[in-house]
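One letter stands for each residue in the lines below.
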Amino acid sequence: MKLDHLTLLRRDLAAFRDCLDGDLTATVEHCGGWTLADLAAHLGQGNLWAATAVTERRGDHRPPAPATGIGPWFTETAETLLEALDVDPATEAWTFAPPRTAGFWQRRRCLETVVHLWDAQHALGTAEPLDPALAGDGIAEVIEVFVPRMIKRGLAAEPVVAVRFTATDLGTSWMLGPGDPVAEIDGTAEELMLALWNRRPIAWERLTGDEAAARAALRGPLVP
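What counts as what
- Residues numbered from 1 in each chain as written.
- Predicted model: local features only at pLDDT ≥ 70, side-chain atom pairs only at ≥ 80, totals over all residues.
- Heavy atoms only, no water.
- Axes fitted to C-alpha atoms, helices over the stretch in contact; angles between N-to-C directions.
- Helix = DSSP H or I, 4+ residues; strand = E, 2+ residues; numbered from the N terminus.
- Parallel < 35°, antiparallel > 145°, perpendicular 65-115°, else oblique.
- Contact = heavy atoms within 4.5 Å.
- Nonpolar A, V, L, I, M, F, W, Y, C, P; charged D, E, K, R; others polar.
- Buried < 20%, exposed > 50% of the residue type's maximum accessible area, 1.4 Å probe, protein only.
- Phe/Tyr/Trp six-rings, centres within 6.5 Å; stacked < 30°, edge-to-face > 60°.
- Pairing = 2+ DSSP bridges.
- Left-handed = near helix turned anticlockwise from the far one by under 90°.
- Expected span 1.5 Å × (residues − 1).

A.B. asks: What exactly am I supposed to notice about the packing of helix α2 (residues 36-55) against helix α4 (residues 102-124) here?
C.D. replies: To characterise two packed helices, one gives the angle between the axes of the helices and the distance between these axes. Axis separation between α2 and α4 bottoms out at 11 Å; the angle between their running directions is 175 degrees. As far as their axial angle goes, α4 and α2 are roughly antiparallel. Taking contact as the criterion, the partners of L36, L39, H42, L43, G46, N47, W49, A50, A53 and V54 in α2 are, on α4, A102, W105, R109, E112, T113, H116, D119, A120 and L124. For the contact of α2 with α4, a count of residues per class yields 11 nonpolar, five polar and three charged.

Right, dumping it as structure tokens:
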């Protein structure tokens, strides 16, 4: 299924902004003790970094942290990002992985935002279900983009066996590692994506096959 990442990004940035009307001191459980305000600063700075990657084709921009008014500041960063990304997806851009196009950032910022929107809503006790197709795209991105990047940066060992992830609500599978799978883990697309992003434990009780080999292959870290 082809996703309209830009439309989904616009929707989820607005939903994240709505979270900033809540308790900005709420602890974000899976982000190293950050508060919601810290999370907003991280996502907003990422918005500006990605916008510069498209408009100026460079990846060395270091946006400053917001001084005051996190809500209005975040809205400005979202508008800057959306304006930069409202181009032909084939437009050349700086990226940290192929393709070197604006389309990479349309997808990357969409998936970054959906994870952090879940973080924000979870912190406020208002987490909503993830769209299965979007969560499935998030699974694919971890396997296609982040695992190779973590290996290339020397932060993770290359898996020597393959594990299959199957989203039961999509009827779709993804393979992490080389060769035929030695094990399979199933679950909804949301469950699998959140597990890959360390937001919930991997459901080892639902694994079939060689658990020891699968644990070794997934030791990670798989994502930053």
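Right, picking up where we left off after that structure.
A.B. asks: What exactly am I supposed to notice about unusual backbone geometry here?
C.D. replies: Excluding glycine, residues mostly carry a negative phi; peptide bonds, for their part, are mostly trans. Along the chain, P98 connects to P99 via a cis peptide bond; the corresponding omega equals 0 degrees. As for its position among the elements, P99 is in the loop between α3 (70-85) and α4. Backbone torsion omega between G220 and P221 reads 5 degrees, so that peptide bond is classified as cis. Residue placement: P221 occurs in the segment after α7 (211-217). Located in the positive-phi region is R57, a residue other than glycine, with phi close to 55 degrees. By secondary structure assignment, the location of R57 is in the loop between α2 and α3. For R57, a relative accessible area of 47% translates into the label partly exposed. Even without glycine at this site, N198 takes up a positive phi of about 60 degrees. Looking at the secondary structure, you find N198 in the loop between α6 (189-196) and β4 (207-209).

A.B. asks: What should I look at first to understand the packing of aromatic side chains in this one?
C.D. replies: The way to describe two aromatic rings as a pair is by their centre distance and the angle between their planes. Counting across every chain of the model gives nine aromatic pairs. Measuring from ring centre to ring centre gives 4.9 Å for F16 and F74, while their planes differ by 40 degrees; the resulting arrangement is tilted. Remark: F74 occurs in helix α3 and F16 occurs in helix α1 (residues 5-19); sequence separation between them is 58 residues. In terms of burial, F16 and F74 fall into one category: buried. With a centroid separation of 5.3 Å and an interplanar angle of 75 degrees, the aromatic rings of F146 and W197 are classed as edge-to-face. Linking F146 in helix α5 (residues 132-152) with W197 in the loop between α6 and β4, this pair joins segments that are 51 residues apart in sequence. This pair shows no difference in class: F146 is buried, exactly as W197 is. Following the ring pairs from residue to residue traces out a cluster consisting of W49, W94, F96, F104, W105, F146 and W197.

A.B. asks: Whenever I open this one, the sheet that holds strand β1 (residues 162-167) confuses me. Can you help?
C.D. replies: Think of a sheet as strands paired side by side through backbone hydrogen bonds, with each pair either parallel or antiparallel. Read from one edge of the open sheet, four strands run β2-β1-β3-β4, paired in mixed fashion. Where the open sheet ends on each side, the last strands, each with one partner, are β2 (172-176) and β4. The average angle at which neighbouring strand axes cross in this sheet is 20 degrees, direction not considered. As paired elements, β1 and β2 share five bridges and run antiparallel to each other. Residue pairing across strands places R164 opposite M175, the latter belonging to β2. Lying on the sheet, α5 is in contact with β1 and β2; it crosses β2 at an angle near 15 degrees.

A.B. asks: Please explain the packing of α1 against α4 as it appears in this structure.
C.D. replies: Put simply, α1 and α4 touch, their axes get as near as 9 Å, and they point 25 degrees apart. Relative to α4, α1 is oriented roughly parallel. Two packed elements cross with a definite hand, and for α1 against α4 that hand is left-handed. Within the contact between the two elements, α1 uses H5, L8, L9, D12, L13, A15, F16 and C19 and α4 uses Q106, R107, R109, C110, T113, V114, H116, L117, A120, Q121 and L124.

A.B. asks: Would you mind showing me how to read α4 here?
C.D. replies: Because each turn of an α-helix spans 3.6 residues, side chains separated by three or four positions end up pointing in the same direction. Given a rise of 1.5 Å per residue, 23 residues ought to cover 33 Å, and the 32 Å separating the end C-alpha atoms of α4 matches this to within 8%. The buried count for α4 comes to 20 of 23 residues, which makes it a mostly enclosed element. Following α4 by one or two positions, G125 has its phi on the positive side, about 75 degrees.

Honestly, that's just the spatial picture; any functional story needs more than this.
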